[in-house]
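A structural walkthrough
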Amino acid sequence: MTTKPAAARATVYGYPRQGQGRELKKAIEGYWKGRVTADALRATAADLRRTNWQQLSEAGIHEVPTGDFSYYDHVLDTSVMVGAIPARHRDAVAADPLDGYFAMARGTQDVAPLEMTKWFDTNYHYLVPELGPDTVFAADATKQVTELKEALALGLTARPVLVGPVTYLLLAKPAPGVPAGFEPLTLLDRLLPVYAEVLADLRAAGAAWAQLDEPALVQDRTPAELNAVTRAYRDLGALTDRPKLLVASYFDRLGDALPVLAKAPVDGLALDFTEAAAANLDDLAAVGGLPGKRLVAGVVNGRNIWVNDLATSLSTLGTLLGLADRVDVSASCSLLHVPLDATAERDIEPQILRWLAFAKQKTREVVTLARGLSQGTGTITAELAANRADLASRAGSPITHDEAVRSRAAAVTDADARRSQPYGERTAAQRAHLRLPLLPTTTIGSFPQTGELRAARADLRAGRIDMTGYEERIKAEIHEVITFQEKTGLDVLVHGEAERNDMVQYFAEQLTGYLATQHGWVQSYGTRYVRPPILAGDISRPEPMTVRWTAYAQCLTDRPVKGMLTGPVTMLAWSFVRDDQPLTDTARQLALALRDEVNDLEADGTSVIQVDEPALRETLPLRAADRAEYLAWATEVFRLTTSGVRPDTQIHTHMCYAEFGDIVQAIDDLDADVISLEAARSHMQVARELAAHGYPREAGPGVYDIHSPRVPSAEEVADLLRTGLKAIPAERLWVNPDCGLKTRGWPETRASLENLVAAARTVRGELPAS
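Report on the accompanying structure. (Residues numbered from 1 in each chain as written. Predicted model: local features only at pLDDT ≥ 70, side-chain atom pairs only at ≥ 80, totals over all residues. Heavy atoms only, no water.)

Broken down by element type, the protein chain carries 28 helices and 21 strands. Taking 27 Å as the expected radius of gyration for a compact globule of 770 residues, we find that the protein chain reaches 26 Å, a close match to that expectation. Residues classed as buried in the protein chain amount to 61% of the 770 residues present. By sequence separation, contacts in the protein chain at least 24 residues apart represent 80% of the contacts at least 6 residues apart. If you sum the accessible surface of the protein chain, you get close to 28200 Å²; carbon and sulfur atoms cover 51% of it. Once the 81 positive and 101 negative side-chain charges of the protein chain are each reduced to a mean point, those two points are 2 Å apart. (Helix = DSSP H or I, 4+ residues; strand = E, 2+ residues; numbered from the N terminus. Rg over C-alpha atoms; globule rule 2.2 N^0.38 Å. Buried < 20%, exposed > 50% of the residue type's maximum accessible area, 1.4 Å probe, protein only. Contact = heavy atoms within 4.5 Å. Areas by Shrake-Rupley, 256 points an atom, 1.4 Å probe, with all protein chains shown as cover. Lys, Arg positive; Asp, Glu negative; His and termini not counted. Charge placed at Lys NZ, Arg CZ, Asp CG, Glu CD.)

This is the structure:
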């Protein structure tokens, strides 16, 4: 007798945290400023969690996630859950757990925060755990249990979501002062009893299932690491006092980790079946499926904003029905990575809006697919017809096709992506032209976006001021920024980007093929939210985008002012990109549009042009086998953007908050004259990596961590510079912050940059006479 498969249920792994009006951001920042009490902040957070769960339940989600909500970062929450508090933060956490939590995230004037880096190949940042051989773990499931009970009290079926123990350790780094060669994964046997205690607490609180996220397993893993996975889930699976365990992965295929997890004594797996992870389908069949286990199938892409092809997803789900006892439907990953609700967008044409699916719309897609899988496609006939019409509308739209753009991109040659002279000849011409001192000082580009600037943009949108009045405010801000930099003593100045709302959105709004949202906020880190533009069609630049403001800044000073652009890879990475043509084709179109801007800046007299590529590393494929192809086209489109200038024009680039060691050759291949990189929190690690590679060009490893409100002393900056000089010779070392100053306030910016310049002068005076 054949047993009928259980009805498919709809679920998701996580949901946007901020609220429709970014209420969480406002409450947290109000708390930091003393305007919101801790109790009021907690009440706002509880209201947002309740709203999220109710939205999910009302949409038809059968099992809501808990524990995915965070004041700042879910990896930091995990560090608190397992008691991995750095020694320098323990007193603060003991005195006030909430303030101590934020101190770990942001630092204080006296104590540095945890290092921050990108969450796999996304633009979300997590706080890196610091561990050592002396780390003592201790379970604290207060947050996880509290949020589970909140959901259960609403009468909902809820599943706690935790970062898995193996991924947690693989994401960690050795704490400062730990002996070289220490591997956090060696702490696994010490960590597992803590997870066992947390799982027991969740079971006692009413959890039937618990999800352990192991996205690190979609990366290439050594036999020793896979053995650690086997041990971890052998031990956790053997527990008697636990919920059922669902182990989740996403962002790519599991590869060698799939048979390990398939054989583990856990109760289910959650797998991604979109984009690069589509190979999980064949791999799952090859290991014989998951007999006796639950499979949660991520068939709705949780990282893009395009409507799902429901028919294709149903076909995938139908195949999966033969590979597990129970198949449930989900998005491919947490919906944290997409905006909340497309229907809030009033300025996007209704035809185009039909192509878009944000978190709420993706939730409905998941529910529709679960119903179609359980009850047959006849129950979703109307939804399938509407979906076919939406897909056809997009495919046939003139927005997506511009023959002139495509012809220009097709005509690109290898020579277009090469400078006219090699670096050794260019650098001599640039030094003669710019006449900069040793250890030249500069900033990355943006200066504080004050309340007055945001108010001016709001006034312009509301019609309270006209364009002339708005531009006068921008000019006044640029004048103040230039005056401050001259007075402080910086060598290469910036105009401060007062006119820019965001480093990607600003350009997207001036390029054809892009759409801008009004409410499409996505968390980048902490309370920093961005509105990624939507790249829907072929790209061109109708007119210059930055030349006017750069020229105005240059007329105010005799010192060089950098032209500031966002590079093509970052424009792609921090946008929601069309999925209807190869990414390389879209990248080449972007590069040509930006090349026009670079050439116009030079023609107008700009001698230093910075093309930022902070996303180059974050977009690196998770599997090593896929990286060479990506890096080849990513570096090629950067050079295509920058190679049309004269030898004496100095090209800069900038990267931040990523691990750079595995892309140093690609950094070299960019052929930029100067690169600035994050280095303050990692204590100049990148400078050592560049030196080990033999990087021949100029570099500015950051000496001021702008993601913390603390002001570094001049001596602290000088010490970092001295460390940098051990790796990079003085004639090739620049002095700059880690990143742009947009999110900082003016008082800390002034003090920090004054200390930066003072430190550069001090260390310059220590150099031997030439």
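This next bit is on the packing of aromatic side chains. Each aromatic ring pair is summarised here by two numbers: the centre-to-centre distance and the angle between the ring planes. By the definition in use, this model includes 16 aromatic pairs. On the numbers, 5.4 Å between centres and 90° between planes, the contact of tryptophan 32 with phenylalanine 102 is edge-to-face. Of the two residues, tryptophan 32 sits in helix H1 (residues 23-32) while phenylalanine 102 sits in helix H5 (residues 97-106), which places them 70 residues apart along the sequence. Ring plane angle 75° and centroid distance 6.4 Å describe the contact between phenylalanine 69 and tyrosine 71, whose orientation is recorded as edge-to-face. Above the plane of the ring of tyrosine 552 lies lysine 475, whose end atom (NZ or CZ) is 5.6 Å from the centre. (Phe/Tyr/Trp six-rings, centres within 6.5 Å; stacked < 30°, edge-to-face > 60°. Lys NZ or Arg CZ within 6 Å of the ring centre and 35° of its normal.)

Here we have seven strands laid out as an open sheet, ordered E1-E5-E7-E8-E9-E10-E11, and parallel in their pairing. The open sheet has two free edges, formed respectively by strand E1 (64-66) and strand E11 (324-331), since each of these has just one partner strand. Taken over all neighbouring pairs, the strand axes of this sheet differ in orientation by 25° on average, direction set aside. Bridge analysis of E1 against strand E5 (residues 158-163) gives three bridges, and the strand direction is parallel. When the sheet's bridge partners are listed, threonine 66 is paired in E5 with proline 160. Its contacts with the sheet put helix H8 (residues 188-205) on E5, strand E7 (209-213) and strand E8 (244-248), and the angle it makes with E5 is roughly 165°. Across the sheet, helix H14 (residues 359-375) is in contact with strand E10 (290-300) and E11; its angle to E11 comes to roughly 155°. (Pairing = 2+ DSSP bridges. Axes fitted to C-alpha atoms, helices over the stretch in contact; angles between N-to-C directions.)

It is at 9 Å that the axes of helix H16 (residues 403-410) and helix H23 (residues 583-603) come closest, and there the two elements cross at 90°. Between H16 and H23, the angle is such that the two are roughly perpendicular. Every residue of H23 that contacts H16 at Val405, Arg406, Arg408 and Ala409 is listed here: Arg588, Gln589, Leu592 and Asp596. (Parallel < 35°, antiparallel > 145°, perpendicular 65-115°, else oblique.)

With that out of the way, let us pick up the environment of aspartate 491. Here aspartate 491 is to be found in the loop between helix H19 (467-488) and helix H20 (505-508). Note: C-alpha distance between aspartate 491 and leucine 439 (52 residues apart in sequence) is 9.5 Å. With residues near it in sequence (within four places) discarded, aspartate 491 still touches Leu436, Pro437, Leu439, Pro440, Thr441, Arg559, Pro560 and Arg764. For aspartate 491, the side chain forms a polar contact with the main-chain nitrogen of threonine 441, separated by 2.9 Å. (Polar contact = N/O pair within 3.5 Å; in protein donor to acceptor, adjacent residues only side chain to side chain.)

A word on the sheet that holds strand E15 (residues 534-535). Taken together, the three strands give an open sheet; going across it, the order is E12-E15-E17, and neighbouring strands pair in mixed fashion. Every other strand in the sheet has two partners, leaving strand E12 (514-515) and strand E17 (576-577) as the edge strands with one partner each. By the bridge criterion, two bridges tie E12 to E15 in an arrangement that is antiparallel. If you follow leucine 515 over to E15, its bridge partner there is isoleucine 534.

Burial within E8 is extensive, with four of its five residues counted as buried. By the bridge criterion, five bridges tie E7 to E8 in an arrangement that is parallel. What sits directly across from glutamine 211, in E8, is leucine 246. You can see the chain leave E7, run along helix H9 (residues 223-237) and come back into E8, and the turn it takes is right-handed. (Right-handed = clockwise from strand over helix to strand, strands pointing away.)

Per the counting criterion, the structure on display carries 54 salt bridges. Among the salt bridges present, the one from arginine 326 reaches aspartate 328, with a minimum N-O distance of 2.9 Å. Note on arginine 326: relative accessible area 21%, which makes it partly exposed. Its relative accessible area of 0% is what places aspartate 328 among the buried residues. A salt bridge links arginine 426 to aspartate 673; its shortest N-O distance comes to 3.0 Å. With arginine 426 in helix H17 (residues 423-434) and aspartate 673 in the loop between helix H25 (664-669) and strand E20 (674-677), this pair connects stretches of sequence that are 247 residues apart. For arginine 426, a relative accessible area of 0% puts it in the buried group. Linked by salt bridges that have partners in common, Arg394, Arg406, Asp538, Arg578, Asp579 and Asp580 make up one network. (Salt bridge = Lys/Arg side-chain N within 4 Å of Asp/Glu carboxyl O.)

Here we come to H14. Across its 17 residues, H14 extends 24 Å between first and last C-alpha, which sits within 8% of the 24 Å expected from 1.5 Å per residue. The element H14 is extensively covered by neighbouring structure, given that twelve of its 17 residues are classed as buried. Those residues of H14 that fall on the buried side of the exposure criterion are Ala359, Gln361, Lys362, Thr363, Glu365, Val366, Val367, Thr368, Leu369, Ala370, Gly372 and Leu373. Next to the buried residues of H14 lie helix H2 (38-59), E10, helix H12 (310-320), E11 and helix H15 (381-395). Phi turns positive one or two residues past the end of H14, at glycine 376, with a value near 100°. (Expected span 1.5 Å × (residues − 1).)

What follows covers the pairing of E5. The element E5 is largely enclosed, with a buried count of six among its six residues. By the bridge criterion, three bridges tie E5 to E7 in an arrangement that is parallel. Along E7, the bridge assignment pairs leucine 162 with leucine 212.

A word on H17. The terminal C-alpha atoms of H17, which comprises twelve residues, lie 16 Å apart, in line with the 16 Å expected from a rise of 1.5 Å per residue. Listing the buried residues of H17 in full gives Tyr423, Arg426, Thr427, Gln430 and Leu434. For H17, the angular spread of the buried residues around the axis is 100°, confining them to a single face. The inward-facing, buried residues of H17 contact strand E18 (608-612), strand E19 (650-655) and strand E21 (698-701). The first or second residue beyond H17 is arginine 435, which carries a positive phi of 55°. (Arc of directions from axis to C-beta.)

A few words on the side chain of serine 524. Along the chain, the position of serine 524 falls in strand E13 (residues 522-525). A relative accessible area of 5% places serine 524 in the buried class.

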